[in-house]
Amino acid sequence: QQKCAVLEVNENFEKQSYRNRSHIFGANGMQVLTVPVLGGSSKTPLKELKISYQENWPVLHWRSIVSAYKGRPFFFFLSPDVKQILDSRPTFLLDLNTQLLRVILDWMQEDLLVKESQKFTIPAGQADDFRAKIHPKKESILEAPKEYFQQFGVQHGFIKDLSVIDLIFTEGRASWDYLNQSQLKTGLI
């Protein structure tokens, strides 16, 4: 049976969440890459949220990614996919996120069926419902994450909860093995 993930597209946009941001770590320390949105009120359904291109954030994000990861083993092979998505300038945040998710799954050669929710349901604490569990202001969902090489880890120690590209540009397709070996904390929510 094929594994399946359901993306909640009918929820209202939540500011300061991972829906429009990610963390990377470069020579200048932690960087938050935020995709600006148009009218991102708490009453805007995620599937209707448009991206703002008033600022040239795709170029700024790309420069930050290159600066942080250009020396990683898999950057040269995998980064053109990210650049192509950023350059395509999707209209909706959901389209950007879905394109990035599909590329990441492809890189890891993971056959995961990704569906969109048909209607919003309130998170009820099910073990496989991560909507309310993964958030920048909450503790990591991983139990003592196993360390992997990070370019700036020598100076700063292992930095957890970075964007998955941090792992992928270093480990390549072995990233899926790393994620499968990671233990989730018990008693989430």
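It should be noted that the structure appears before, not after, this text.
This report concerns the structure included in the present document. (Residues numbered from 1 in each chain as written. Predicted model: local features only at pLDDT ≥ 70, side-chain atom pairs only at ≥ 80, totals over all residues. Heavy atoms only, no water.)

A separate point is the overall build of the protein. Scanning the protein for helices and strands turns up 6 helices and 6 strands. Traced from its N-terminal end to its C-terminal end, the protein shows the element sequence β-β-β-β-β-α-α-α-β-α-α-α. For the protein, the proportion of its 189 residues judged to be buried stands at 40%. Residue pairs at least 24 apart in sequence account for 68% of intrachain contacts in the protein once pairs closer than 6 positions are excluded. Looking at the protein as shown, the accessible area adds up to about 11,300 Å², and 52% of this sits on carbon and sulfur atoms. (Helix = DSSP H or I, 4+ residues; strand = E, 2+ residues; numbered from the N terminus. Buried < 20%, exposed > 50% of the residue type's maximum accessible area, 1.4 Å probe, protein only. Contact = heavy atoms within 4.5 Å. Areas by Shrake-Rupley, 256 points an atom, 1.4 Å probe, with all protein chains shown as cover.)

Our focus in this paragraph is the nonpolar core. With 26 residues, the main nonpolar core has I65, Y69, L93, L96, W107, I165 and F169 as its most contacted residues. Elements with a contribution of two residues or more to this core: α1 (57–69), α2 (75–88), α3 (93–107) and α5 (164–171). (Core = buried A, V, L, I, M, F, W, Y, C linked by side-chain atoms within 4.5 Å.)

This next bit is on α1. Compared with the 18 Å implied by 1.5 Å per residue over 13 residues, the 18 Å span of α1 between its first and last C-alpha is a close match. Along α1, the positions that sit buried rather than exposed are W57, P58, H61, W62, S64, I65, A68 and Y69. Taken end-on, α1 shows its buried residues confined to a sector of 160 degrees, consistent with a single buried face. Each element contacted by the buried residues of α1 is listed here: β2 (21–26), β3 (29–34), β5 (50–51), α2, α3 and α5. (Expected span 1.5 Å × (residues − 1). Arc of directions from axis to C-beta.)

So, about empty space enclosed by the protein. For the structure shown, the criterion picks out 1 cavity of 30 Å³ or more. By volume, the largest cavity is sized at about 40 Å³. F25, R72, Q150, F152, G153, G157, I159, L162 and D166 are the residues that line the largest cavity. (1 Å grid on protein atoms, 1.4 Å probe; cavity = no way out; pocket = protein on both sides within 12 Å on 5 of 7 lines; lining within 4 Å. Points joined across faces, edges and corners; volume = space filled by probe spheres on them.)

Among the 8 residues of α5, 6 are classified as buried, and the element is accordingly described as predominantly covered. In this structure, the buried residues of α5 make contact with β2, α1, α2, α3 and α6 (175–181). Following α5 by one or two positions, G172 has its phi on the positive side, about 65 degrees.

Another point: the pattern of salt bridges. Summed over all chains, the structure comprises 4 salt bridges. Here R19 and E11 are joined by a salt bridge, their closest N and O atoms 2.7 Å apart. Residue R19 shares its accessibility class with E11, and that shared class is buried. One salt bridge in this structure joins R72 and D166, with 3.4 Å as the shortest N-O distance. Of this pair, R72 sits in the loop between α1 and α2 while D166 sits in helix α5; the two residues are 94 residues apart in sequence, bridging distant segments of the chain. As far as burial versus exposure is concerned, R72 and D166 are alike and both buried. (Salt bridge = Lys/Arg side-chain N within 4 Å of Asp/Glu carboxyl O.)

Before going further, it helps to spend a moment on the environment of F152. With respect to the helices, strands and loops of the structure, F152 is situated in the loop between β6 (112–116) and α4 (153–156). Ignoring anything within four residues of it in the chain, the contact list for F152 reads F25, G26, A27, A68 and G157.

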